[in-house]
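Spelled out, the chains give:
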Amino acid sequence: MTSTLSTPPAIRAGTLANSQQPVLSAAGGLRLRPWEAADAAVFFAAYRDPEIQHWHTRQPASEDQVREWFELYRQAWAEETGASWAVTRGGGEVLGRMAMGGMNLNDGVAGCAYWVLPAARGAGVASRALTALSVWALSEAGFHRLHLDHSTRNNASCRVAVKAGFLLEGTKRSDAIHSDGRHDMHLHARIRGDE
């Protein structure tokens, strides 16, 4: 079913797809860049980490599947439905992942997700990368609202969200499944104009 909007879209269709997915700079020498085929091994290894396995139930089965995911990420950008970046030290060493999904250009809304490799945890990598992504998305890209959710038991993810300016809006009861069963989820959001 198609319908006509009574208001103009927040982001005109084609705005993102007509350009390359951007490389974003973050504080501390971090760069967010699109995933490359050469990143498949480190991406696959990330999902062998118990913490990432616990909080992310969708996991690749092989490096070949990782490369398929990278192609899906490129398609999502072309279709303006999502984007995924490698969080790197200066464009080289991969430290983590930052993603936007469920992009709704009409409303100017998207969801965010992230993980960081064990060796890079505790150094502010995720919060700096999420801040950089948010600044780009809420200004240059034209989004109005970004949201994310995490298990109420994932205190580290909560700290990342708050440090990046995502206000806690509430709790979604029994909303997601993790490796140990259903979890309540905190909902955070950052909107254009938030400090």
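For the structure itself, consult the block above.
Before going into details, it helps to say that this report is about the structure given with it.

1. Digging into the nonpolar core
- Ranked by internal contacts, the top residues of the largest apolar core, which has 37 residues, are L32, M100, L130, L133, W136, F143 and L146.
- Mapped onto this core, the elements with two or more residues apiece are β1 (24-26), β2 (30-34), β3 (83-89), β4 (93-104), β5 (109-116), α4 (125-138), β6 (145-151) and α5 (155-163).
- Apart from residues lying up to four places away in sequence, L32 is in contact with P22, V23, L24, A26, W85, A86, V87, M98, A129 and L133.
- Ranked by size, the runner-up nonpolar core spans 15 residues in total, among them F43, Y47, V66 and Y73.

2. Looking at the packing of α4 against α5
- Remark: α4 packs on α5, axes separated minimally by 8 Å, with the N-to-C direction vectors making an angle of 40 degrees. When the interaxial angle is binned, α4 and α5 end up oblique. Of the two possible hands of crossing, α4 and α5 adopt the one that is right-handed. Residues A126, S127, L130 and T131 of α4 form the contact with α5, whose own contacting residues are V160, A161 and K163.
- Among the residues making up the contact of α4 with α5, the classes are represented as four nonpolar, two polar and one charged.

3. Remarks on unusual backbone geometry
- Phi at E80 is positive, roughly 60 degrees, even though this residue is not glycine.
- Its location among the elements puts E80 in the loop between α3 (63-79) and β3.
- In this structure, S174 is a non-glycine residue whose phi angle is positive, near 50 degrees.
- By secondary structure assignment, the location of S174 is in strand β7 (residues 167-178).
- You can call S174 partly exposed: its relative accessible area is 38%.

4. Details of the pattern of salt bridges
- Throughout the structure, instances matching the rule amount to 10 salt bridges.
- The shortest N-O distance in the salt bridge between D49 and R121 comes to 2.6 Å. In this pair, D49 is assigned in the loop between α1 (40-46) and α2 (50-55) and R121 in the loop between β5 and α4, connecting sequence segments 72 residues apart.
- Exposure remark for D49: the relative accessible area of 12% places this residue in the buried category.
- Overall, the relative accessible area of 35% leaves R121 in the partly exposed class.
- Two residues, E71 and R74, come together in a salt bridge whose shortest N-O distance is 3.1 Å. Here the residue E71 and the residue R74 both occupy positions in helix α3, the gap between them amounting to three residues, near one helical turn.
- Residue classification places E71 among the partly exposed positions, given a relative accessible area of 35%.
- Judged by relative accessible area, which is 41%, R74 ranks as partly exposed.
- Each of R33, E36 and D39 takes part in a single network of salt bridges with overlapping partners.

Calculation notes
- Residues numbered from 1 in each chain as written.
- Predicted model: local features only at pLDDT ≥ 70, side-chain atom pairs only at ≥ 80, totals over all residues.
- Heavy atoms only, no water.
- Core = buried A, V, L, I, M, F, W, Y, C linked by side-chain atoms within 4.5 Å.
- Buried < 20%, exposed > 50% of the residue type's maximum accessible area, 1.4 Å probe, protein only.
- Helix = DSSP H or I, 4+ residues; strand = E, 2+ residues; numbered from the N terminus.
- Contact = heavy atoms within 4.5 Å.
- Axes fitted to C-alpha atoms, helices over the stretch in contact; angles between N-to-C directions.
- Parallel < 35°, antiparallel > 145°, perpendicular 65-115°, else oblique.
- Left-handed = near helix turned anticlockwise from the far one by under 90°.
- Nonpolar A, V, L, I, M, F, W, Y, C, P; charged D, E, K, R; others polar.
- Salt bridge = Lys/Arg side-chain N within 4 Å of Asp/Glu carboxyl O.

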